[in-house]
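Now for the letters of each chain:
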Amino acid sequence: FYVFDYFTDETSGKASITRTLQMLGGLTATWIVVKMAVLGTITSEIFGIYLAALGVSAGWSKYIGAKYGSVTQTSDQPIQDEQPK
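Residues numbered from 1 in each chain as written. Predicted model: local features only at pLDDT ≥ 70, side-chain atom pairs only at ≥ 80, totals over all residues. Heavy atoms only, no water.

Asker: Explain the side chain of Thr8 to me, using residue names and the numbers behind them.
Answerer: Following the sequence through the fold, Thr8 ends up in the segment before helix H1 (17–39). In contact with Thr8, not counting residues within four places along its chain, are Gly13, Lys14, Ala15, Ser16 and Arg19. (Helix = DSSP H or I, 4+ residues; strand = E, 2+ residues; numbered from the N terminus. Contact = heavy atoms within 4.5 Å.)

Structural data, given as structure tokens:
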């Protein structure tokens, strides 16, 4: 387990802007909710919106991953469709 796994693409091992932004958004939202809870200003509606946003974000990522999958490339050459011979 490495912290960098949260920020990299599983197939290529390269940095993923989507994962990075998702993590940044989740951490920011969590910090806001915790701060509101400590101050006593959080409402059930805010907490529900927070949980829904995290759930939708994770669900959408899984949906897109399942629908389109990942394209792996083993060389620096562009991916080309094979032509029948």
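Asker: Hey, could you go over the packing of aromatic side chains for me, with residue numbers and the actual values?
Answerer: Any pair of aromatic rings gets described here by the distance separating the centres and the angle formed by the planes. This model, assessed by the stated rule, comprises two aromatic pairs. Judged by centre distance (6.0 Å) and plane angle (35 degrees), the rings of Phe47 and Tyr50 are tilted. Of this pair, Phe47 and Tyr50 are both found in helix H2 (residues 44–68), three residues apart, which corresponds to roughly one turn of the helix. The class for Phe47 is partly exposed, based on a relative accessible area of 38%. Where Trp60 meets Tyr63, the ring centres are 5.5 Å apart and the plane angle is 35 degrees; that geometry is what we call tilted. You can see Trp60 and its partner Tyr63 sitting in helix H2, three residues apart, about one turn around the helix. The exposure class assigned to Trp60 is exposed, which follows from its relative accessible area of 54%. Residue Tyr63 is classed as partly exposed on the basis of its relative accessible area of 41%. (Phe/Tyr/Trp six-rings, centres within 6.5 Å; stacked < 30°, edge-to-face > 60°. Buried < 20%, exposed > 50% of the residue type's maximum accessible area, 1.4 Å probe, protein only.)

Asker: An account of the packing of H1 against H2 is needed here, citing residue identities and associated values.
Answerer: Relative orientation of the contacting elements H1 and H2 amounts to 165 degrees, with a least axis distance of 11 Å. Relative to H2, the element H1 is oriented roughly antiparallel. The interaxial crossing formed by H1 with H2 has left-handed handedness. On the side of H1, the interface is formed by Gln22, Gly26, Ala29, Thr30, Val33 and Met36, while H2 contributes Ile46, Phe47, Tyr50, Leu54, Ser57, Ala58 and Ser61. Partitioned by chemical class, the residues of the contact of H1 with H2 number eight nonpolar, five polar and no charged. (Axes fitted to C-alpha atoms, helices over the stretch in contact; angles between N-to-C directions. Parallel < 35°, antiparallel > 145°, perpendicular 65-115°, else oblique. Left-handed = near helix turned anticlockwise from the far one by under 90°. Nonpolar A, V, L, I, M, F, W, Y, C, P; charged D, E, K, R; others polar.)

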